[in-house]
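Okay, here's what each chain looks like letter by letter:
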Protein chains: 2
Amino acid sequence: MEIKTYKKDSFYSYTLGAFPTIELLKKHKEDALKIFIHSSFDNQEVISLIYQNKGNAEVCLNDKIINKLSTKGNTFVVGVFKKYSSYLDANKDHVVLVNPSDMGNLGTILRSCLGFGMKDIAIIKPGVDIFDPKVVRASMGSIFSLNISYFNSFEDYKNAFPNHKIRTFMLQAKNTLQETIFSKDELTSLVFGNESSGLPLSLLDDNSIIIKHSDEIDSLNLPSSLAIALYEFNKSKI
Amino acid sequence: MEIKTYKKDSFYSYTLGAFPTIELLKKHKEDALKIFIHSSFDNQEVISLIYQNKGNAEVCLNDKIINKLSTKGNTFVVGVFKKYSSYLDANKDHVVLVNPSDMGNLGTILRSCLGFGMKDIAIIKPGVDIFDPKVVRASMGSIFSLNISYFNSFEDYKNAFPNHKIRTFMLQAKNTLQETIFSKDELTSLVFGNESSGLPLSLLDDNSIIIKHSDEIDSLNLPSSLAIALYEFNKSKI
């Protein structure tokens, strides 16, 4: 198996760094193929965690491969894993990201989702590739604890989960987040648009929600909006 | 005046892009020195906004300078401005950032601060340079509407504002954000640590606050934590 720079159509991808590699081994051991460790890496605690959790993955010292794959200088551990499919739980609340375009943002969002117990995320195409090593790194390995599925259109998503109440986050909405009541007995989809263009006006309805901010800014950034929404949703559902 | 790549000790800095340049002209016209417009830029609305707000700044077409200064390809407008000092309002609430180390994060945080009406921000050194063009760009020009001051130590900050109630955000805190009551009649400082290391344990006290998240992640990212804190603080102070 020759290890090449990641491309969207590669059948495998990488974890860059010890932390996401350990998350890979703990949560998706069966998909881990190889673990590369740099010869100068001497954190014995991490090395033994890798050996304890490696399953069938091969562990090898290989500085050349690590230098080739890492985009930042401080990478000492790289995991290679087989890309896999995961499916959303129809009985859980969802986050739906329509056309997310920034890899760092997507990783940050996935980390917040896991932090607030939101484990099922739909991505409406076109959207960035969740398995790009930049997303995996920004997610700090959270990606391995989540169910993430792509849909060709928002309609396709809605048809797949007809029982979910759709809550689009839009600047044109009338309901403020702080006044919104989320019912425990209701399945909810929290829906967010693209970083630049937001959601199309056709998705505005009586269930749409706005996170109020001063008119001195155009909008909050996407991961910040999501963090606020997840915090408030999580709080009101308890 | 020869325009060089930005350095921390330069007396001037840049706005990269039309949006932050217009914010510069609207909020800090007196510090704007030059505006460069790319010859291929034909957004007449933006061009007339620039001319209406330019004050004494010189406007010129100069593709070479724009190509030299811009780090991303899609920059058509660059503003050059004199770096200035600003001072915190002793009668307003503050955000205090202890040793922030990421430029994109700092810009995102400044944008959220302005979005929630928090206009006074202290930075405890060492911390990234607010005038670095990467921070200015990530802030979407919010920086020009804020008072931002550096302090050599947290002690120095506290001595300067002895009437502010210090609220450190720490994972070791006992009070959860959602249960915390912020009094309208009290001046508050919301204090956040470095992206990797957080705040030193010496700052933990009975007023410290935690934003609860699941134990499946180590921490939320810094701009996300700040966005949640500002949202909740703003809500409870109303």
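Preceding this paragraph is the structure being described.
Let me begin by describing the structure that accompanies this report. (Residues numbered from 1 in each chain as written. Chains lettered and ligands numbered in written order. Predicted model: local features only at pLDDT ≥ 70, side-chain atom pairs only at ≥ 80, totals over all residues. Heavy atoms only, no water.)

1. What about the interface of chain A and chain B?
Next up, step 1: Opposite the 30 residues of chain A that make contact, chain B presents 30 residues.
Next up, step 2: For the pair chain A and chain B, the two sides together bury roughly 2500 Å², of which 54% comes from carbon and sulfur.
Next up, step 3: Of all residues in chain A, A:Arg111, A:Glu216 and A:Tyr231 give up the largest surface area on contact with chain B, accounting jointly for 23% of the area buried on that side.
Next up, step 4: On the surface where chain A and chain B come into contact, there are 4 salt bridges.
Next up, step 5: With a closest N to O distance of 2.7 Å, A:Lys235 and B:Glu232 form a salt bridge. (Contact = heavy atoms within 4.5 Å. Buried area = accessible area lost by both parts, 1.4 Å probe. Salt bridge = Lys/Arg side-chain N within 4 Å of Asp/Glu carboxyl O.)

2. A word on a positive patch on the surface
Residues and elements named next belong to chain A.
Next up, step 1: Together, Lys4, Lys7, Lys64 and Lys68 make up a positively charged patch on the protein surface.
Next up, step 2: By the secondary structure assignment, Lys7 is in the segment before strand E1 (12-16).
Next up, step 3: Looking at Lys7, the relative accessible area reads 55%, which means it is exposed. (Patch = residues over 30% accessible without salt bridge, like charges linked within 9 Å, V, L, I, M, F, W, Y side chains within 5 Å. Areas by Shrake-Rupley, 256 points an atom, 1.4 Å probe, with all protein chains shown as cover. Lys, Arg positive; Asp, Glu negative; His and termini not counted. Charge placed at Lys NZ, Arg CZ, Asp CG, Glu CD. Helix = DSSP H or I, 4+ residues; strand = E, 2+ residues; numbered from the N terminus. Buried < 20%, exposed > 50% of the residue type's maximum accessible area, 1.4 Å probe, protein only.)

3. What about the sheet that holds strand E8 (residues 165-168) of chain B?
Residue and element names in this part refer to chain B.
Next up, step 1: Taken in spatial order, the 5 strands of this open sheet run E7-E6-E5-E10-E8, and their pairing is parallel. Each of the sheet's edge strands pairs with one partner strand only, and the pair in question is strand E7 (147-151) and E8. The mean angle between the axes of side-by-side strands here comes to 25 degrees, regardless of whether they run parallel or antiparallel.
Next up, step 2: Pairing geometry for strand E6 (residues 120-124) and E7, over 5 bridges, is parallel. In the strand pairing of E7, Ala122 is matched with Ser149. (Pairing = 2+ DSSP bridges. Axes fitted to C-alpha atoms, helices over the stretch in contact; angles between N-to-C directions.)

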